[in-house]
Each structure stands twice: as C-alpha cells, then as structure tokens.
Amino acid sequence: MELYGDPREKKGSQSNLCKDVAAMIGSNNILDVGCGMGHLIPFIEGRTYFGWDYSPKMLEKLLEFFPETPVIQGDATLPYDEFKSELEHYVLRPIETVVSVSLFIHLPTIDDVKATLRNMWNTATREIVFGVETMGDSVLTRGSGLNIRNISVDHILSILQGEGRDELGIPRDRISFLHQQMTYKQQTVIHPNKSSPMAMTPPQLFQRTTLFHVRKD
Ligand SMILES: C[S@@+](CC[C@H](N)C(=O)[O-])C[C@H]1O[C@@H](n2cnc3c(N)ncnc32)[C@H](O)[C@@H]1O
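Here the structure is a predicted model, which is why all the values come from computation and not from measurement.

### Details of the packing of helix α3 (residues 80-90) against helix α4 (residues 110-123)
Line of reasoning, step 1. Running from N to C, α3 and α4 point in directions that differ by 50°, and their axes come no closer than 10 Å. Between α3 and α4, the crossing angle belongs to the class labelled oblique. By crossing handedness, the relation of α3 to α4 is classed as right-handed. Only R118, N119, N122 and T123 of α4 make contact with α3, whose side of the interface consists of Y80, F83 and L87.

Shown next, in the form of structure tokens:
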C-alpha cells in the first residue's frame, strides 16, 4: 500500500482531497472507512472520529501520528451484519457520518465497492461522503502490481439510485457531487532513433476524483 507522507503537515494531494471532504461533512460524529494513516484527521479536529482500516500497518502509522485515536481493524467489504457487529463492538452510539477517501480505488471488484457503499449507507444516520476516481470504468495495474480502479460517475449514480439487490435506491435529490481539482502531468515522448532528446506533449489529464455527498433524508 502506498504511503502519502505525514498527515499532520496537511500537505500534498491526499491532504488536499481530505480538506475538501472535511468541508462536506455536516456532523460531529464520523467513521472513516479505509482511514489509512489518518489524512482526514487534521481537518476535523474537535469532532468525534473513528478510523476503520484492514491494514494493521496503516493503523499503526495512524496511531504514531495521532495517538489515542479510536481505530478498528476490519474489512469494509464484509456482509453488513458482520460489519455492524464489528463496529458495535467498539462504537456504542450511532455514527452520523460515514466517510471514505481513496478506498474504492484499491478494492478488487465492483461487488466490493457495492458492499462497502451498502455498509456505509446502512451505518450512517445522517450522510455518507466519499471520494472516488472517476476517469471512466477501468482498472489499471501499476508497475508495482497495485490496482487503480476508476468508476464512472454514471456507474456510481446507478449503484446509489438503482433498485436492484446490490443497489441502494436513493432518490437523486439526496445526492450531490463535485469534481476535485484535476491533476495534470507532463507526458514525455521519447524518440528512440534520435539522439536529440524528447518532445513534450501538452499536459494530460490523468486523474479526476469526484467527491459524493449523500443525505439520508
Ligand atoms: C489510498 S489509502 C487512503 C487512506 C485515507 N483514506 C486517505 O485518504 O489518506 C486506502 C486505504 O484503504 C485501506 N483498505 C483497502 N482495502 C480495504 C478494505 N477492504 N477494508 C478496509 N480498508 C481497506 C488500505 O489499507 C488503505 O489504508
């Protein structure tokens, strides 16, 4: 799993994303699913926070940065009954907001995304807020073997609004979303037969994160 630097510094793209996510949260009682090292925490100071992640290494890092934070080690894709009983083991009162930032990007299947969304939706009493990479529907495998999943906005909307068994049946007027600033990267073209080096293409869009906010009522 990639590490994104010290979250307390509030620097870098992950912190930028978390800052925007924090601005969308409308409660003081938050469960952060796939919390990683806690990049959201500095932006929600003073509110009740629980982190949930399946990686002990990530939770260890989080606790180094933010000691005493309540964290739960578990799989976000569990069937809801198991997710709920795991959560209730640690959290006694209802959770108002369930958040997830850059978790879906690493989930192996779209069914895992649906299961996680269902867990988030069934857990939250007020709202869910989540960030997802939305450059089409695709899974790219990086050189490191890490999978990067993109899910189109239409596909997310169909999971949220659809009435099927794995969908959530949420009315459209409870759903809003915005695109996080687009990130551009210079692409380099190498001409193998020329000693003279390279031509630069215009900057290319390579990532777009869409932040969704869904109200319970
Ligand atoms: C890219 S990191 C994002 C961390 C954090 N939300 C942030 O914005 O910096 C994704 C996190 O999701 C966790 N994760 C991946 N699959 C998971 C699963 N099935 N259940 C719970 N956590 C998971 C990883 O361990 C990792 O910490």
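### Examining the pairing of strand β1 (residues 29-33)
Line of reasoning, step 1. Of all five residues that make up β1, four are buried, and the element is covered over most of its length.
Line of reasoning, step 2. Judged from the five bridges that link them, β1 and strand β2 (residues 48-53) form a sheet pairing that is parallel. If you follow L31 over to β2, its bridge partner there is F50.
Line of reasoning, step 3. By the bridge criterion, three bridges tie β1 to strand β4 (residues 95-101) in an arrangement that is parallel. Of the residues in β4, the one forming a bridge with I30 is T97.

### Structural notes on the environment of R8
Line of reasoning, step 1. Mapping R8 onto the fold places it in the segment before α1 (12-24).
Line of reasoning, step 2. Judged by the 14 C-beta atoms lying within 10 Å of it, R8 is partly exposed.
Line of reasoning, step 3. Contacts of R8, omitting those with residues within four sequence positions, involve P42 and F65.

### Regarding the site of the ligand
Line of reasoning, step 1. Near the ligand there are 20 residues, and of these G34, G36, H39, S55 and A76 occur at the shortest range.
Line of reasoning, step 2. For the shell around the ligand, a count of residues per class yields 10 nonpolar, eight polar and two charged.

### Quick word on unusual backbone geometry
Line of reasoning, step 1. The phi angle at K10 is positive, at roughly 55°, despite the residue not being glycine.
Line of reasoning, step 2. Relative to the helices and strands, K10 is located in the segment before α1.
Line of reasoning, step 3. A tally of 14 C-beta atoms within 10 Å means that K10 is categorised as partly exposed.
Line of reasoning, step 4. Here the phi dihedral of S102 falls at roughly 55°; this positive angle occurs in a residue that is not glycine.
Line of reasoning, step 5. Here S102 lies in the loop between β4 and α4.

Reading the values: rules and limits
- Residues numbered from 1 in each chain as written.
- Predicted model: local features only at pLDDT ≥ 70, side-chain atom pairs only at ≥ 80, totals over all residues.
- Axes fitted to C-alpha atoms, helices over the stretch in contact; angles between N-to-C directions.
- Helix = DSSP H or I, 4+ residues; strand = E, 2+ residues; numbered from the N terminus.
- Parallel < 35°, antiparallel > 145°, perpendicular 65-115°, else oblique.
- Left-handed = near helix turned anticlockwise from the far one by under 90°.
- Contact = placed C-beta atoms within 7 Å.
- Buried ≥ 20, exposed ≤ 12 C-beta atoms within 10 Å, placed from the backbone.
- Pairing = 2+ DSSP bridges.
- Near = placed C-beta within 6 Å.
- Nonpolar A, V, L, I, M, F, W, Y, C, P; charged D, E, K, R; others polar.

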